[in-house]
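Residues per chain, in single letters:
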Amino acid sequence: MTKINLTVDGVVYADDVEPRTLLVHYLREQVGKVGTVVGCDTSNCGACTVDLNGQSVKSCTVLAVGADGGQVTTIEGLEGADGSLHPMQQAFHENHALQCGYCTPGMIMACRDLLKNNPHPSEDEIREGIEGNLCRCTGYQNIVKAVQAVADAGVTA
Ligand code: FES
Ligand code: FES
């Protein structure tokens, strides 16, 4: 076991983990952040996407020990202090950008990261920006609309 310290959604955690533990499993099983989901075993789907030190990462591709000392934001850390939805969550809701919803946490994290790096993307840039996230319901059209709505509103948080 190895001791790690990690800030997750603003709370500091100090835990013992096995060196082989993936960040996604640490977040779900030890921290209880089950909003971050596992959709594949092959690093393909993006359902496990979180923000690590300001960068969007697939948390199934990162060892928990590799994130030691870092800052993680999960889908559960996006809501406002008053419980309000993050603008990207609100836009997904308003634009019907989710069907089964399984991909949604990772998709929202990736879309948020996309606008952070490119506040006014073209439709092609949005599609390219989320190519690492798969929606098996093929709901991409409304996901693109949701991102455009947030970009049009000038919100990049
Ligand atoms: Fe991480 Fe699919 S669970 S990419
Ligand atoms: Fe079902 Fe994306 S909404 S996988």
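The structure under discussion appears in the preceding block.
What counts as what
- Residue numbers restart at each chain and count upward from 1, following the sequence in its written direction.
- Throughout, the order in which chains and ligands are written sets their labels, letters from A for the former and numbers from 1 for the latter.
- At least 70 in pLDDT is required for a residue's local features to be given in this predicted model, at least 80 for side-chain atom pairs to be given and counted, and no such filter applies to totals for whole chains, interfaces and linings, which use all residues.
- The basis for every side-chain value is the complete set of non-hydrogen atoms in the structure, without hydrogens or water.
- In this text, helices come from DSSP runs of H or I with a minimum length of four residues, and strands from runs of E with a minimum of two, each type numbered from the N-terminal end.
- It is over C-alpha atoms that the radius of gyration is taken, and the globule rule equals 2.2 Å times the number of residues to the power 0.38.
- Classification of residues uses two cut-offs on accessible area relative to the type maximum, computed with a 1.4 Å probe and protein chains only: under 20% is buried, over 50% is exposed, and between them is partly exposed.
- Should any heavy atoms of two residues lie within 4.5 Å, those residues are counted as being in contact.
- Per-residue and other accessible areas follow the Shrake-Rupley method at a 1.4 Å probe size, with only the shown protein chains counted as cover for residues.
- Charge assignment: positive for Lys and Arg, negative for Asp and Glu; neither His nor the chain ends contribute.
- Here the site of a charge means NZ on Lys, CZ on Arg, CG on Asp, or CD on Glu.
- A pair is scored as a salt bridge if a Lys or Arg side-chain nitrogen falls within 4 Å of a carboxyl oxygen belonging to Asp or Glu.
- Axis lines are fitted to C-alpha atoms, over the contacting stretch for helices. Their N-to-C directions set the angle, which ranges from 0 to 180 degrees.
- Each angle is binned into one of four classes, with values under 35 degrees roughly parallel, values over 145 roughly antiparallel, values of 65 to 115 roughly perpendicular, and all other values oblique.
- Put simply, a crossing is left-handed when the front helix is turned counterclockwise from the back one by less than a right angle, and right-handed when it is turned clockwise.
- Throughout this entry, Asp, Glu, Lys and Arg are counted as charged residues, while Ala, Val, Leu, Ile, Met, Phe, Trp, Tyr, Cys and Pro are counted as nonpolar. The remaining residues, Gly among them, count as polar.

Trainee: Let's hear about the overall build of the protein: which residues, and what values?
Mentor: Within the protein one finds five helices and five strands. Written out in order from the N terminus, the α and β elements of the protein read β-β-α-β-β-β-α-α-α-α. Here the protein has a C-alpha radius of gyration of 15 Å; the compact-globule value for 157 residues is 15 Å, and the two agree. When the backbone C-alpha atoms are referred to their principal axes, the protein occupies close to 45 × 35 × 25 Å. A buried classification covers 43% of the 157 residues belonging to the protein. In the protein, of all internal contacts separated by at least 6 residues, the share reaching a separation of at least 24 is 58%. Only carbon and sulfur atoms are counted for the fraction: they give 47% of the accessible area of the protein, which is about 7,800 Å². Measuring between centres, the 10 positive side-chain charges of the protein sit 4 Å from its 19 negative side-chain charges.

Trainee: Hey, could you go over the pattern of salt bridges for me, with residue numbers and the actual values?
Mentor: Counting across every chain of the model gives seven salt bridges. In this structure, the salt-bridge partner of K3 is D16, at a minimum N-O distance of 3.8 Å. Of this pair, K3 sits in strand β1 (residues 2-8) while D16 is found in strand β2 (residues 11-17), placing the two residues 13 residues apart along the sequence. Between E18 and R20 there is a salt bridge, with the nearest N and O atoms lying 2.9 Å from each other. Classification of E18 by relative accessible area gives partly exposed; the value is 34%.

Trainee: Kindly report on the side chain of D113, identifying the contributing residues and their values.
Mentor: Along the polypeptide, D113 turns up in helix α3 (residues 104-117). In this view, D113 contacts G54, Q55 and S56; residues no more than four positions away in its chain are not counted.

Trainee: Describe the packing of helix α2 (residues 87-94) against helix α5 (residues 140-152), naming the residues involved and giving the relevant values.
Mentor: As a packed pair, α2 and α5 sit with axes 8 Å apart at the nearest point and diverge in direction by 135 degrees. Of the possible angle classes, the one that applies to α2 and α5 is oblique. The handedness of the crossing between α2 and α5 comes out as right-handed. Here α2 contributes P87, M88, A91 and F92 to the contact with α5, which in turn contributes I143, A146, V147 and V150. Residue classes in the contact of α2 with α5 are distributed as eight nonpolar, no polar and no charged.

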